[in-house]
Each structure stands twice: as C-alpha cells, then as structure tokens.
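Residue-level listing of the chains:
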Amino acid sequence: MSTAHMSEEEMRSVIQGPVDIEWRYEMRRECQEILPGLLLGPFVASKSLETLLSLGVTHMYARSATRPSAFDPVCIRDAKEAFSVKPRFPERFTYMTLDVEDNEEQNLIRLFPAAKNFIDTAIQHGGRVLVHCNGGISLSPAFVVMFVMQHYQLSWEDALHLVQNRRYCISPNGGFLTQIKEYEAIYKANVALAAFPPSQRPTVARRKRSDDDEEDDERLDDRKRPLMQNDSFDEDAMAMDT
C-alpha cells in the first residue's frame, strides 16, 4: 500500500498515528505496532512468551519457508550481544537473525532487502512481525523506517516521523540516518524503473566489431612500429658514441 491514492489529510493522519496515547518512559521496554502486522521494540519484549501471546497471537502456523508462523520476530543484534540477544522460542516462532554492528559505519542498505522480504512474506501470510534489537532505539528502528518508507512510498522525513509517532524513543545514529536518507533515492529509482515495460527500459548495447575495425587496428599498429624502431635506433647510436 502507498499513499499515492490518499488525500493530503489522509496521508497526514497515517503519518501522525494515534493521538490518544500518552507516551510513558516505561513504554521503552514494550513494543509498539508501527503498521498493521509490524511491531517494533526492544529485546526484552521478545523474552516473554506471555507477552508475545498477549499481542494478539492466538495460534501458530506450521513453520516453513512458504508459510511463516503467526508471529515472526526479526532479531537484529550486535555480534558482541549474540550470547544474550538470541531467539528464545525457536520451536514456536520463525526467526530471522541479523548480526550487525551498532555503529555509524555499519552498512544497513546492503542487509535491508533480506529483512524486507522476510517481513513482507510474514505479513502477506497473515503473520505479525516483531522487529527488535537490544534497546529498540537505533538499530532496529533504522530497518523499520526504511521498510515504512518503501511500503508507503514516503519521504525519509515522513517515514521517520511515522515510526517516531508510534515509538517516541527511537533515535537512529548519524550513520544510520544518512543511510535512511540515501535509501529514499534508491527505492524511488527502483519504483521509476519498474514503471517502464522491460521493452522500454534503457539498455547499453555493445557494437559488434567489423572488418573495418580490425583494419583500423592494423593501421594503428603500423603507425606505432616505426616509433618503436626509431627509439631503439637512437639508443643503439648513443651506445656506439660512448
């Protein structure tokens, strides 16, 4: 779904989100629904089976590549946290785990397509996806902002505001924010390219070499040879003078 067919007022309403929720500090330790079927939060929210079930999950689908479980956590962690930030209920849920570094040099754009595909597949099959890192402040929100941006075809500012209006405490670091801005141009270019039928997409054709090209190469070689011979002659003459 995109905002292309929404009025300006409807689009602003989607970005603004619910206005009757008062943010409390302890909500940092909870997860929030960012869009239907997609939740964002900290690792602590994924540790309690009771909490996961209270989010509306009443049954589980068989775990398979084509039909995920009804609730699928995406566990995003720094490699240093692997001993503690890990899937807790692999027998109940389908997990996707990404080992990334929570620093400004980490390339998120390269990892995002796999995460997006996982989230899309789960939601399309009626699942509910929790995306979390350790604190749910910088790393996992960056992935969710990029997902929301492309899902609704928003600018990076509007996507960031949409997520922030539902989980007020998010604050992607400077490097992640730069990549979020860069991803807007990437996804918009892909959308523009997809709008053209394959037959109309620009291509770069390689010209087949002709006999004239080969003759030109031979003439060029002939022009080079005398220069090489003259250079060699000059060196021999100098050697004789000495």
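- Here the protein chain is described in UniProt, under the heading Sequence similarities (unreviewed entry), as follows: "Belongs to the protein-tyrosine phosphatase family. Non-receptor class subfamily."

**Let's talk about the packing of aromatic side chains**
No. 1: Per the stated rule, a full pass over the model turns up 5 aromatic pairs.
No. 2: An angle of 75° between the planes, with centres 5.0 Å apart, marks the rings of Phe-112 and Tyr-183 as edge-to-face. Highlighted residues: Phe-112 in helix H3 (residues 112-124) and Tyr-183 in helix H6 (residues 174-194), separated in sequence by 71 residues.
No. 3: Here the aromatic cluster, defined as three or more aromatic residues joined through ring pairs, consists of Phe-89, Phe-93 and Tyr-95.

**Looking at the pairing of strand S1 (residues 32-35)**
No. 1: The pairing of S1 with strand S2 (residues 38-41) spans 3 bridges and is classified as antiparallel. Across the sheet, Gln-32 pairs through a bridge with Leu-40, a residue of S2.
No. 2: Connecting S1 to the antiparallel partner S2 that follows it, the hairpin turn spans 2 residues, and Gly-37 within it adopts a positive phi of roughly 90°.

**As for the packing of helix H4 (residues 139-152) against H6**
No. 1: Two elements in contact, H4 and H6, have axes whose closest approach is 10 Å; the angle formed by their N-to-C orientations is 20°. One way to sum up the angle between H4 and H6 is to call them roughly parallel. Of the two elements, H4 crosses H6, and the hand of that crossing is right-handed. Between H4 and H6, the contacting residues are Leu-139, Ala-142, Val-145, Met-146, Met-149 and Gln-150 on the first element and Phe-176, Ile-180, Tyr-183, Glu-184 and Tyr-187 on the second.

Conventions we followed
Residues numbered from 1 in each chain as written. Predicted model: local features only at pLDDT ≥ 70, side-chain atom pairs only at ≥ 80, totals over all residues. Heavy atoms only, no water. UniProt positions renumbered as here; feature names shortened; annotations may be inferred. Phe/Tyr/Trp six-rings, centres within 6.5 Å; stacked < 30°, edge-to-face > 60°. Helix = DSSP H or I, 4+ residues; strand = E, 2+ residues; numbered from the N terminus. Pairing = 2+ DSSP bridges. Axes fitted to C-alpha atoms, helices over the stretch in contact; angles between N-to-C directions. Parallel < 35°, antiparallel > 145°, perpendicular 65-115°, else oblique. Left-handed = near helix turned anticlockwise from the far one by under 90°. Contact = heavy atoms within 4.5 Å.

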